[in-house]
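Single-letter residue listing:
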Amino acid sequence: MSARENIAKDIAEQLQNMSNPAPALVTREFFEFDKLAITQFPAILVISTSESREDISLSERQGTLEVELRCFVRGAKLDTLRNNLIERVEEALEDNRDRNITVDDTVTHYVNSNITNIEVIERVAPIGQTNLLLTITYVYKRGNA
């Protein structure tokens, strides 16, 4: 399995194991947020997006992968719900910034992740949305990503 896939899978698993307020739905499969049941909120869609790669030596490359977390809340105090969810997501992801990648000196090493952007998307109440951009940097042996 590729480092990209391992990273996205780990992020989804970490978010599924969050404590309160825990998301009711965490998935990597697209969904129509306006068709979710009330019990499926908060909901998080995990999407691996752009990646830049560069050679850092004759045998190693560095990848910088962006993962978008589309977070949906439902309720009366949308700003508060969004802020609470952002804080919980950040806490959950900070617990393991190396993304549980199997670190092996011969394949992948030095994995680091940070939330680098938070964007609030205006929706019609009672739905609120925020998109978090998680940037993951990792070094790998050429031909092994």
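Novice: Got a minute to help me understand the packing of aromatic side chains in this structure?
Specialist: Both the distance between ring centres and the angle between the ring planes are used here to describe each pair of aromatic rings. Tallied over the full model, the rule gives 2 aromatic pairs. Ring geometry for phenylalanine 31 and phenylalanine 72: centres 5.6 Å apart, planes at 70 degrees, overall edge-to-face. Placement of the pair is phenylalanine 31 in the loop between strand E1 (25–27) and strand E2 (43–55) and phenylalanine 72 in strand E3 (residues 60–74), with a sequence separation of 41 residues. Classification of phenylalanine 72 as buried rests on a relative accessible area of 5%. Measuring from centroid to centroid gives 4.9 Å for phenylalanine 33 and phenylalanine 72, while their planes differ by 15 degrees, and the two rings are stacked. In this pair, phenylalanine 33 is assigned in the loop between E1 and E2 and phenylalanine 72 in strand E3, connecting sequence segments 39 residues apart. One exposure class covers both phenylalanine 33 and phenylalanine 72, and it is buried. Linked through ring pairs, Phe31, Phe33 and Phe72 together constitute an aromatic cluster.

Novice: What should I look at first to understand the packing of helix H1 (residues 3–16) against helix H2 (residues 78–94) in this one?
Specialist: In a pair of packed helices, the angle between the axes and the distance between the axes together describe the arrangement. Running from N to C, H1 and H2 cross one another at 120 degrees; their axes reach a closest spacing of 9 Å. In this view, H1 runs oblique relative to H2, as classed from their interaxial angle. Helix-helix and strand crossings are classified by hand; for H1 and H2 the assignment is right-handed. The segment H1 lies against H2, with Ile11, Gln14 and Leu15 engaging Val89, Ala92 and Leu93.

Novice: Sorry, what's going on with the pairing of E2 here?
Specialist: A regular strand carries its side chains on alternate faces of the sheet. Sheet analysis places E1 next to E2, joined by 3 bridges and oriented parallel. Note that in E2 the partner of valine 26 across the bridge is isoleucine 44. Direction of pairing for E2 relative to E3: antiparallel, over a ladder of 11 bridges. Paired with isoleucine 44 across the strands is cysteine 71, a residue of E3.

Procedures and definitions
- Residues numbered from 1 in each chain as written.
- Predicted model: local features only at pLDDT ≥ 70, side-chain atom pairs only at ≥ 80, totals over all residues.
- Heavy atoms only, no water.
- Phe/Tyr/Trp six-rings, centres within 6.5 Å; stacked < 30°, edge-to-face > 60°.
- Helix = DSSP H or I, 4+ residues; strand = E, 2+ residues; numbered from the N terminus.
- Buried < 20%, exposed > 50% of the residue type's maximum accessible area, 1.4 Å probe, protein only.
- Axes fitted to C-alpha atoms, helices over the stretch in contact; angles between N-to-C directions.
- Parallel < 35°, antiparallel > 145°, perpendicular 65-115°, else oblique.
- Left-handed = near helix turned anticlockwise from the far one by under 90°.
- Contact = heavy atoms within 4.5 Å.
- Pairing = 2+ DSSP bridges.

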